[in-house]
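Listed below are the residues making up each chain.
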Amino acid sequence: KMLSSGVCTSTVQLPGKVAVVTGANTGIGKETAKELARRGARVYLACRDVQKAELVAREIQMMTGNQQVLVRKLDLADTKSIRAFAKRFLEEEKHLHILINNAGVMMCPYSKTADGFEMHMGVNHLGHFLLTHLLLEKLKESAPSRVVNVSSLAHHLGRIHFHNLQGEKFYQSGLAYCHSKLANILFTQELARRLKASGSGVTVYSVHPGTVSSELVRHSALMRWIWWIFSFLIKTPQQGAQTSLYCALTEGLEVLSGNHFSDCHVAWVSAQARNETVARRLWDVSCDLLGIPVD
């Protein structure tokens, strides 16, 4: 499975389209943004490290000839930063056609976001949940539009412990990552259900990018060692971006909204990830934590 590598074969061009990619200053996010820019989209690199992102933006501009590559500050570990990003974006742009929720943290020591959320759940799930909520009306106005949530095969080990969502009762960094990736899939499915019911024209997909050589393992010496040992099996960031691009670009994919993809194909998810009751409860709890009215 690790040796297989799906490729996005779509030839769709994106002049006049607007895309936002979180965590686009490195790895999969950078390659995703580069390809969207190459196809003519106006691409926002939504990143915590603005200085690094500016260098990447100039690199993408030079490589693609597309000058519409813009950098905006977005710290998913701080809801004030998320709200500030969304406010500025909505003031600047009339449309949003593609939102790639790509940024993430993995196996970091126990810590909390600015709002007191456990870091994995706060950044990987709640940060993107809030960002999507704030941009959803713009996505609806721009329909047909798409949301892509980068999850992981690791979701199979995840569980949503509502009594310990912030890891204060027990915590293990590897499992915390798995829990947050399960949350990505549950969010995708519940959002897809709601969007379909309202006939919004917005579709949403979750993806497993594959085992990719990236900065995501920087917090774990063990994972860095394993990545090095098995480097011949590990995808490049460009290969890892293919499934995100497939879900963002492929024509006729609307009927598969809410599905999970790996190697550019629909992929199996765990029983936990198919639990509609947990998905709906996670939605309500997430709204409550973020101060969003629960409908």
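Here, the structure is the one placed above.
Residues numbered from 1 in each chain as written. Predicted model: local features only at pLDDT ≥ 70, side-chain atom pairs only at ≥ 80, totals over all residues. Heavy atoms only, no water.

## What about the overall build of the chain?
Right, so step 1: Across its full length, the chain holds nine helices and eight strands.
Right, so step 2: Relative to its length of 295 residues, the chain is compact, with a C-alpha radius of gyration of 18 Å against a globular reference of 19 Å.
Right, so step 3: Across its three principal axes, the chain shows a C-alpha extent of roughly 50 × 50 × 35 Å.
Right, so step 4: Burial status across the chain gives 57% buried among its 295 residues.
Right, so step 5: Intrachain contacts of the chain at a sequence separation of at least 6 include 76% that bridge at least 24 residues.
Right, so step 6: Total accessible area on the chain is roughly 13300 Å²; 56% of this is exposed by carbon and sulfur atoms. (Helix = DSSP H or I, 4+ residues; strand = E, 2+ residues; numbered from the N terminus. Rg over C-alpha atoms; globule rule 2.2 N^0.38 Å. Buried < 20%, exposed > 50% of the residue type's maximum accessible area, 1.4 Å probe, protein only. Contact = heavy atoms within 4.5 Å. Areas by Shrake-Rupley, 256 points an atom, 1.4 Å probe, with all protein chains shown as cover.)

## Here we look at the pattern of salt bridges
Right, so step 1: Scanning the entire structure with this criterion turns up 16 salt bridges.
Right, so step 2: With its nearest N and O atoms 2.6 Å apart, the salt bridge here joins Arg-38 to Glu-35. Taken together, the residues Arg-38 and Glu-35, both in helix H1 (residues 27–38) and three residues apart, mark about one turn of the helix.
Right, so step 3: Overall, the relative accessible area of 49% leaves Arg-38 in the partly exposed class.
Right, so step 4: Look at Glu-35 and you get buried, because its relative accessible area is 17%.
Right, so step 5: Here Arg-146 makes a salt bridge to Glu-254, at a shortest N to O gap of 3.0 Å. One end of the pair, Arg-146, is in strand E5 (residues 145–150); the other, Glu-254, is in the loop between helix H8 (242–249) and strand E7 (260–262), with 108 residues separating them in the sequence. (Salt bridge = Lys/Arg side-chain N within 4 Å of Asp/Glu carboxyl O.)

## So, the nonpolar core
Right, so step 1: In this structure, Val-20, Phe-85, Phe-89, Leu-135 and Ile-160 are the most contacted members of the largest nonpolar core, which totals 51 residues.
Right, so step 2: Only strand E1 (18–22), strand E2 (42–47), helix H3 (79–92), helix H4 (119–141), helix H5 (173–198), strand E6 (202–208) and helix H9 (276–290) provide two or more residues apiece to this core.
Right, so step 3: Looking at this core element by element, the count peaks at 10 residues for H4.
Right, so step 4: Among all residues touching Phe-89, those that are not within four sequence positions of it are Val-18, Val-20, Tyr-44, His-95, Leu-96, Leu-135 and Lys-138.
Right, so step 5: One finds Ala-19, Ile-60, Cys-247 and Leu-253 within the second-largest nonpolar core, a separate group that totals 35 residues. (Core = buried A, V, L, I, M, F, W, Y, C linked by side-chain atoms within 4.5 Å.)

## Here's the deal with the pairing of strand E4 (residues 98–101)
Right, so step 1: Alternating residues of E4 divide into Ile-98 and Ile-100 and Leu-99 and Asn-101, and every residue in both groups is buried.
Right, so step 2: Sheet topology places E1 next to E4; three bridges connect them, and they run parallel. By the bridge assignment, Val-20 is partnered in E4 with Leu-99.
Right, so step 3: In this sheet, E5 lies alongside E4 in parallel orientation, the contact comprising four bridges. For Leu-99, the partnering residue across the bridge sits in E5 and is Val-147.
Right, so step 4: Taken together, E4, H4 and E5 form a β-α-β motif whose crossover is right-handed. (Pairing = 2+ DSSP bridges. Right-handed = clockwise from strand over helix to strand, strands pointing away.)

## Quick word on the side chain of Arg-146
Right, so step 1: Owing to a relative accessible area of 7%, Arg-146 belongs among the buried residues under this scheme.
Right, so step 2: Side-chain polar atoms of Arg-146 contact the backbone oxygen of Cys-247, separated by 2.9 Å. (Polar contact = N/O pair within 3.5 Å; in protein donor to acceptor, adjacent residues only side chain to side chain.)

## What to know about H9
Right, so step 1: For H9, which comprises 15 residues, the first-to-last C-alpha distance of 21 Å matches the rise-based estimate of 21 Å (1.5 Å per residue) to within 8%.
Right, so step 2: Of the surrounding elements, those touching the buried residues of H9 are H3, H4 and H5.
Right, so step 3: The N-cap of H9, judged by a side-chain oxygen 3.0 Å from the amide nitrogen of Thr-277 a few residues on, is Asn-275.
Right, so step 4: Positive backbone phi, at 75°, marks Gly-291, one or two positions downstream of H9. (Expected span 1.5 Å × (residues − 1).)

## A look at the sheet that holds strand E3 (residues 69–73)
For sheets, the rule is that strands pair by backbone hydrogen bonds, running either parallel or antiparallel.
Right, so step 1: Spatially, eight strands are ordered E3-E2-E1-E4-E5-E6-E7-E8 in an open sheet, and the strand pairing comes out mixed. Whereas interior strands pair on both sides, the edge strands pair on one side only; in this sheet they are E3 and strand E8 (265–266).
Right, so step 2: Across the sheet, H4 is in contact with E1, E4, E5 and E6; its angle to E4 comes to roughly 175°.
Right, so step 3: Contacts between H5 and the sheet are confined to E5, E6 and E7, with E6 contributing the most and set at about 160° to the helix. (Axes fitted to C-alpha atoms, helices over the stretch in contact; angles between N-to-C directions.)

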